[in-house]
Protein chains: 2
Amino acid sequence: MTVNVLFAAQPPRWDDYHKPLKDAFVQAGIEANLSRDIPPDEVDYIVYAPNGPLSDFTPYTRCKAVLGLWAGVEDIVKNETLTQPMCRMVDSGLERGMMEWVTGHTLRHHLSIDQHIHGQDGVWRPGHVPPLAADRPVTILGLGALGRACAQGLVSLGFNVTGWSRTPKSIPGIRCLSGDSGLTAALSGAEIVVLLLPLTPSTDSLMDASRFAAMARGSYLLNPGRGALINDDDLIAALDAGQLEHATLDVFRIEPLPADHPFWAHPKITVTPHIASETRPPTASRVIAENIRRSEAGQPLLHLVDRAQGY
Amino acid sequence: MTVNVLFAAQPPRWDDYHKPLKDAFVQAGIEANLSRDIPPDEVDYIVYAPNGPLSDFTPYTRCKAVLGLWAGVEDIVKNETLTQPMCRMVDSGLERGMMEWVTGHTLRHHLSIDQHIHGQDGVWRPGHVPPLAADRPVTILGLGALGRACAQGLVSLGFNVTGWSRTPKSIPGIRCLSGDSGLTAALSGAEIVVLLLPLTPSTDSLMDASRFAAMARGSYLLNPGRGALINDDDLIAALDAGQLEHATLDVFRIEPLPADHPFWAHPKITVTPHIASETRPPTASRVIAENIRRSEAGQPLLHLVDRAQGY
């Protein structure tokens, strides 16, 4: 039997995805009609991005699941018309890319690479040798698929890694902490902190003055997670006071970050334009196909969103 | 029986090393008199750095071995007064630090981090997503202890790593090539090339116009090995022609690199002041102690220099 799969993301994504999706459907043994134009009451599955054309799910009465292309679902869980099962994207390509961005910027700050990039003035400054990675405490907030991949990448380079999550987790080689009291312990003495939490009411503005104060003096912040995890004013104050040495931010409360936002001009902030990682069509298409296969076979869906938790 | 160990390196090194060496001797069960001042004909072992006070080994008639603190021995092998067995330093701390510097700068170029550091002008430029590390060919020339550690670090991050050495080697997860024909194949298509060869007559100026031409167009060069591995003029020509995109250089034919050397001002070169890695006293002291223990027990020395090969 043929299933009707509506592709509801921005037009350039259609160019990226239609062939990888069709290939993945064939490989999964799914006979699918993939299109951007299917009458709502005939749609079986929706491949979905929040910035695409679709916002009212009411007319999709036959739809068995909404299969997201994004890892972050904070905008989707607020949509009250969405009553169908909703799956997040958990893509190995996205994970690999995120691990590369996080290890790259961690090493950049660990090795003070910026000092050398900015110091090409003919003065030979041997300075001090950085500690080895084993003596550099790095803390990752969030131990979902992305946080876990980053933690493992950093451990493979020898870093001393602590991870924190809302509920207790256990990952070999990583000191795992959880809950409110665990958060203070996880930040305490951390020299590099990486934010990979989902955005929920309880993580909004989580990183405020008190949390920055818990980190080691002169420490570094990486945010490839969600912009609203940070209180922007408190971050600037912590940088200006020298409590933090530098922040490298990939995500913001408003994107694109407005040209007059103080982050752009701050000498201790590096803005990157939401490029830390992105979903890769070949691997993401296989995740979509696997979920359709499971649904058709009556098996549980992968990466189902828990609306009560918000992710 | 007490052995007399002469410490012959620059005075600041004495401050770094005298306690770790004494601790390592105790742990190895060696009774040693460690000093910077011992009559030459009473010295049993010399702990040595080429930039220290000692250049004529002739009066050290009883000396059983010269134990170097440096990984590079190109200056030492030319010293005709040195007839005693000579050992290089192979220090796990040096290896870890080198792996961190090489993976850090490889990721920096892989992710085009400089573009973001230099692009804090309020313009949001999402641009293109870099390939995953698995699709980035990296070649390491030299598979001694340092090259091998770096290759393994890069493999753990998922890079596609080729290694080249004069004699055939085999390392899991790395495409190993050797000999003259292997060198061309190792450079062919490489997007990031790391130089970790010893300096010998056959590697002097190895990286010349023809070798740069073999690399992928727009590729990157990292040199934490020895300055004279590169033909400086050919490197500048390859950068100016766009054949190479950037070179990050830690070592030079003359150090400190003179303020008027064209490398400093070149926009496609990053100079770092010979800080890629350095020997760490606690781990290096254990290597020295182990070699004295072996010598006293009649066992073969570790890391013995082969003067014919020059390393």
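Preceding this section is the structure that the text describes.
Residues numbered from 1 in each chain as written. Chains lettered and ligands numbered in written order. Predicted model: local features only at pLDDT ≥ 70, side-chain atom pairs only at ≥ 80, totals over all residues. Heavy atoms only, no water.

## Quick notes on helix α7 (residues 232-240) of chain B
All names here are of chain B.
Inference 1: Looking at α7, one finds that the buried residues are Asp232, Leu235, Ile236, Ala238 and Leu239. Take α7 and look down its axis: the buried residues cluster within an arc of 160°, on one side only. Seen from the buried face of α7, the exposed residues on the opposite side, beyond 90 degrees, are Asp233 and Asp240.
Inference 2: Tucked inside the fold, the buried residues of α7 contact α6 (209-214), β10 (219-223), β11 (244-249), α8 (262-265) and β12 (269-271).
Inference 3: Within two residues after α7, Gly242 carries a phi angle of roughly 80°, on the positive side. (Buried < 20%, exposed > 50% of the residue type's maximum accessible area, 1.4 Å probe, protein only. Helix = DSSP H or I, 4+ residues; strand = E, 2+ residues; numbered from the N terminus. Arc of directions from axis to C-beta. Contact = heavy atoms within 4.5 Å.)

## Side note on the relation of the copies chain A and chain B
Inference 1: Least-squares fitting of chain A to chain B yields an RMSD of 0.0 Å, with the superposition described by an axial translation of 0.0 Å and a rotation of 180°. Taken together, these values place the two copies in the relation of a two-fold axis.
Inference 2: Of the residues that chain A buries at the interface, 100% are likewise interface residues in chain B, meaning the two copies contact each other through the same surface. (Least-squares fit on C-alpha atoms with pLDDT ≥ 70 in both.)

## Notes on the packing of helix α1 (residues 11-27) of chain A against helix α9 (residues 281-296) of chain A
Residues and elements named next belong to chain A.
Inference 1: Their axes nearest at 8 Å, the elements α1 and α9 cross at an angle of 45°. By the angle between their axes, α1 is oblique relative to α9. The crossing of α1 and α9 is right-handed. Touching Asp16, Tyr17, Pro20, Leu21, Ala24, Phe25 and Gln27 of α1 are Pro281, Pro282, Ala284, Ser285, Arg286, Ile288, Ala289 and Ile292, all from α9.
Inference 2: For the contact of α1 with α9, the per-class residue count stands at eleven nonpolar, two polar and two charged. (Axes fitted to C-alpha atoms, helices over the stretch in contact; angles between N-to-C directions. Parallel < 35°, antiparallel > 145°, perpendicular 65-115°, else oblique. Left-handed = near helix turned anticlockwise from the far one by under 90°. Nonpolar A, V, L, I, M, F, W, Y, C, P; charged D, E, K, R; others polar.)

## Section: the interface of chain A and chain B
Where interface size is given, it is often the accessible area lost as the parts come together that is meant.
Inference 1: Chain A puts 50 residues into the contact, and the matching count from chain B is 50 residues.
Inference 2: Summed over both partners, the interface of chain A with chain B comes to about 4,100 Å²; 69% of that surface belongs to carbon and sulfur atoms.
Inference 3: Counting across the interface, chain A meets chain B through zero salt bridges.
Inference 4: Counting across the interface, chain A meets chain B through eleven residue pairs in polar contact (both at pLDDT 80 or more).
Inference 5: When residues of the side of chain A that touches chain B are traced back to their parent elements, those giving at least two are α2 (92-110), α3 (113-118), α4 (145-156) and β12 (269-271) of chain A.
Inference 6: Ranked by residue count, the leading element in the side of chain A that touches chain B is α2 of chain A, at twelve residues.
Inference 7: For the side of chain A that touches chain B, a count of residues per class yields 24 nonpolar, 17 polar and nine charged. (Buried area = accessible area lost by both parts, 1.4 Å probe. Salt bridge = Lys/Arg side-chain N within 4 Å of Asp/Glu carboxyl O. Polar contact = N/O pair within 3.5 Å; in protein donor to acceptor, adjacent residues only side chain to side chain.)

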